[in-house]
Amino acid sequence: MNRLNKLFASKNNNLLSIYFTAGYPALNTTVDIAEALEKSGADFLEIGFPYSDPVADGPTIQHSSECALENGMSLKVLFEELAELRSRVSIPILLMGYFNPIAQYGVERFCKKAAEVGVDGIIVPDLPIYEYEKMYSSYFIDNGLSNIFLVTPQTSEERIRKIDELSNSFIYLLSSSTITGYNLKLSDSVEEYYKRITAMKLKNPTIIGFGITDSSSFAKACNYANGAIIGSKFVKLLGEEGYMDKIDGFVRGIRP
């Protein structure tokens, strides 16, 4: 049982996850930011590794990725930084990014290294289910890593059932089929989507991402899932002067 499984076994609602891009705004700040987020009350974190063609990301996270790459961030550098992760941070950590950098690094080597530095799960939005199941799942399982699948309002029930079968920690619900960085609007169709997921009584918890920007949208999301993820809004804060001193207020403002 990794840290994610232990977290969901002990807490099943109002879980708050924060996303940020490794290497942004400065190269060597990844563990400092993770430590500050844990102290402020975040339940688990997603650390994005930058890629030059982030198709699912909006302008804020795209900008952070561009800056991180210019700062010199790479998977090699990230794993070097994360070598001290578990001496300073105890909450679950996921790495999130696109498949191309992982393939270049080597999938088996990537999973082994992620586990070695204390990562608990991986989110790869463009890794198809078939390829994961037939080609790479053993690397994840052998290293105790959870693979997190994404579900959109357009995902069929058959596919969601398959994702539930292959998952072993939580399922990531996109609030819509869009890019990151827009505000969650609970339209009738979105509400119907959440209700449809709830009615399926999946064995895995669900976490909502994309469009969560404040305490109001976080609370809305938690009405339909076990928690929510905030990304772009926090990444924007990291672009401000004195951002380290603002992290505590940001997190406590989301979940008073």
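The coordinates are above.
A few points on the structure. Since this is a predicted model, take the numbers as computed values, not measurements.

What counts, and where the lines are drawn
- Residues numbered from 1 in each chain as written.
- Predicted model: local features only at pLDDT ≥ 70, side-chain atom pairs only at ≥ 80, totals over all residues.
- Heavy atoms only, no water.
- Pairing = 2+ DSSP bridges.
- Helix = DSSP H or I, 4+ residues; strand = E, 2+ residues; numbered from the N terminus.
- Buried < 20%, exposed > 50% of the residue type's maximum accessible area, 1.4 Å probe, protein only.
- Arc of directions from axis to C-beta.
- Phe/Tyr/Trp six-rings, centres within 6.5 Å; stacked < 30°, edge-to-face > 60°.
- Lys NZ or Arg CZ within 6 Å of the ring centre and 35° of its normal.
- Core = buried A, V, L, I, M, F, W, Y, C linked by side-chain atoms within 4.5 Å.
- Contact = heavy atoms within 4.5 Å.

Sheet architecture is open: nine strands sit in the order E5-E4-E3-E2-E1-E9-E8-E7-E6, paired in parallel fashion. Lying at the two open borders of the sheet, with one neighbouring strand each, are strand E5 (146–148) and strand E6 (150–151). Note that strand E7 (residues 171–174) and strand E8 (residues 206–209) share four bridges and pair parallel. In the strand pairing of E8, Leu174 is matched with Gly209.

It is worth spelling out helix H9 (residues 157–166) at this point. What H9 keeps buried is the set Ile160, Ile163, Asp164 and Leu166. All buried residues of H9 project into a common sector of 165 degrees when viewed along the axis, lining one side. Of the exposed residues in H9, the ones pointing more than 90 degrees away from its buried face are Glu158 and Glu165.

Take the packing of aromatic side chains next. Throughout the structure, instances matching the rule amount to 15 aromatic pairs. With a centroid separation of 5.4 Å and 85 degrees between ring planes, the pair formed by Tyr132 and Phe149 is classed as edge-to-face. Of the two residues, Tyr132 sits in helix H8 (residues 129–142) while Phe149 sits in the loop between E5 and E6, which places them 17 residues apart along the sequence. Grouping residues by exposure puts Tyr132 and Phe149 together as buried. On the numbers, 5.1 Å between centres and 35 degrees between planes, the contact of Tyr193 with Tyr194 is tilted. In terms of burial, Tyr193 and Tyr194 fall into one category: buried. Grouped by ring-pair contacts, the aromatic residues Phe49, Phe79, Tyr105 and Phe110 constitute a single cluster. Between Arg109 and the ring centre of Tyr105, over which it is positioned, the NZ or CZ distance is 3.9 Å.

Take the environment of Lys112 next. Turning to its location among the elements, Lys112 is positioned in helix H7 (residues 107–116). Taking the C-alpha atoms as reference points, Lys112 and Tyr139, 27 residues apart in sequence, are found 7.6 Å from one another.

This brings us to the nonpolar core. One broad trend across soluble globular proteins is that nonpolar side chains are buried collectively. Residues Leu37, Leu95, Phe110, Tyr172 and Phe234 are the most contacted members of the largest nonpolar core, which totals 92 residues. Excluding residues within four positions of it along the chain, Phe110 makes contact with Phe49, Leu75, Phe79, Leu95, Ile102, Tyr105 and Ile122.

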